[in-house]
Amino acid sequence: MSDLEKPDEPLIEVGRYPRRSQARLRALVLAAGQWAYRLKRDGQDWVLLVEAPARAAALQELAAFEAEEEERPKPSPAGQDEKISTVSLYVTAWILSAFFMAQRFGPPRWEDSGVAESRAILKGEWWRTITALTLHADPPHLIANLVTGLLFAAFLLPRLGTGLTWLCIVISGALGNAINAWGYRGETHDSIGASTACFGALGILVGLELTARLRDIHGRSLWQLVLPVGAGLALLAYLGVGDEGKNIDYMAHCWGFLAGGAMGALSAAFRVRERTPPAAQPLAATAAIALVAGAWLLALQ
């Protein structure tokens, strides 16, 4: 049934709503029940009217609809279905600082066992792809990685949740180092630093955003699709590519960025965040810690 044109009975108000969309939704409920209705504007409100004989049945139907609406779980904005804490940022900063102190004042074996040496990695010492992420050449190197890495991680936390964020960052850094070792196969190449994981985090952000925009490609311009990729590449070029004479392993940065981009795109495509219950986030965080701890246990054995 549509809006009443020439009612045969007096019209009675059965609902008043601040937005037209709310009124139209309730009107559709009445139309499904074969009751004629009329919508009219009254000041700032939209009023839903029916003929007097239908008032009781219409009110009952609307009450049932409102009850269903109350029971229906409200969809939360993406990334907001759990309280996101920034404590992990401080914990990560403390852990990396502790590793740096151990590296600086501990025996040389500490760094020798953890460096991402290409020949050793390709011979099976895969744990070096992870241990190298916790080592740094000097305080400026550590500080630079803390600033960029924690900034990118802070943007990821509401998109993936705490546990998934750190697990993905560790894995993207490890993959970047592994691919980098393969790129330097046949020659000796050493690499240390969390930079690969930092740019892995940047790549995850780009992959997430690009995939989200591709989902809603209708009505989007090519520029809106290119923008996240361009922004990510610009940051990579500005922060992660430099003179090799300054000991900047730009290839590791690029591989970390690409590995992270693939992880972000897959996470968004398969809606990993939405399908991961909040209770699983601590498990993912534990897995990230276990990867680092396990890698060091293997390195120092």
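Residues numbered from 1 in each chain as written. Predicted model: local features only at pLDDT ≥ 70, side-chain atom pairs only at ≥ 80, totals over all residues. Heavy atoms only, no water.

1. Describing the overall build of the protein chain
When its secondary structure is counted, the protein chain shows 13 helices and 3 strands. Across the 301 residues in the protein chain, those meeting the buried criterion constitute 42%. Partitioning the contacts of the protein chain with sequence separation of at least 6, the portion at a separation of at least 24 is 77%. (Helix = DSSP H or I, 4+ residues; strand = E, 2+ residues; numbered from the N terminus. Buried < 20%, exposed > 50% of the residue type's maximum accessible area, 1.4 Å probe, protein only. Contact = heavy atoms within 4.5 Å.)

2. Quick look at the packing of helix α7 (residues 139–160) against helix α9 (residues 195–215)
The relative placement of two packed helices comes down to the angle between their axes together with the axis-to-axis distance. Packing of α7 against α9 leaves a shortest axis separation of 9 Å and a crossing angle of 30°. When the interaxial angle is binned, α7 and α9 end up roughly parallel. Crossing of α7 against α9: the hand is left-handed. For the pair α7 and α9, the contacting residues are H141, N145, T148, G149, F152, F155, L156, R159 and L160 in the first and S195, C198, A201, L202, I204, L205, L208 and E209 in the second. (Axes fitted to C-alpha atoms, helices over the stretch in contact; angles between N-to-C directions. Parallel < 35°, antiparallel > 145°, perpendicular 65-115°, else oblique. Left-handed = near helix turned anticlockwise from the far one by under 90°.)

3. As for the side chain of S172
With respect to the helices, strands and loops of the structure, S172 is situated in helix α8 (residues 162–183). For S172, a relative accessible area of 0% corresponds to the buried category. With residues up to four places along the chain from it excluded, the contact list for S172 reads A197, G200, A201, I204, G256, A259, G260 and M263.

4. Points about empty space enclosed by the protein
Under the defined criterion, the tally for this structure stands at 1 cavity of 30 Å³ or more. Taken as a whole, the largest cavity encloses approximately 40 Å³ of empty space. A116, I121, N177, N180, A181, H189 and S191 together form the lining of the largest cavity. In terms of residue class, the lining of the largest cavity is made up of 3 nonpolar, 4 polar and no charged. (1 Å grid on protein atoms, 1.4 Å probe; cavity = no way out; pocket = protein on both sides within 12 Å on 5 of 7 lines; lining within 4 Å. Points joined across faces, edges and corners; volume = space filled by probe spheres on them. Nonpolar A, V, L, I, M, F, W, Y, C, P; charged D, E, K, R; others polar.)

5. Let's talk about helix α3 (residues 87–105)
An ideal rise of 1.5 Å per residue puts 27 Å on 19 residues; α3 measures up with 27 Å between its terminal C-alpha atoms. Tucked into the core, α3 has its buried residues touching α4 (108–114), α7, α8 and α13 (281–300). (Expected span 1.5 Å × (residues − 1).)

6. Topic: the sheet that holds strand β3 (residues 45–51)
The strand order β1-β3-β2 describes an open sheet built from 3 strands, whose pairing is antiparallel. Strand pairing shows two members of the sheet lacking a second neighbour, β1 (11–17) and β2 (38–42), which therefore form its edges. Pairwise comparison of adjacent strand axes, ignoring direction, gives a mean angle of 35° for this sheet. The pairing of β2 with β3 spans 5 bridges and is antiparallel. (Pairing = 2+ DSSP bridges.)

7. Describing the nonpolar core
One finds L156, L160, W166, I169, I204 and W296 to be the most contacted residues of the largest nonpolar core, which totals 42 residues. Of all the elements in the fold, those that place two or more residues in this core are α3, α7, α8, α9, α11 (250–269) and α13. In contact with W166, other than residues within four places in its own chain, are S88, L89, T92, L150, A153, L157 and A288. Residues V14, Y37, L48 and A58 belong to the second largest nonpolar core, which totals 13 residues. (Core = buried A, V, L, I, M, F, W, Y, C linked by side-chain atoms within 4.5 Å.)

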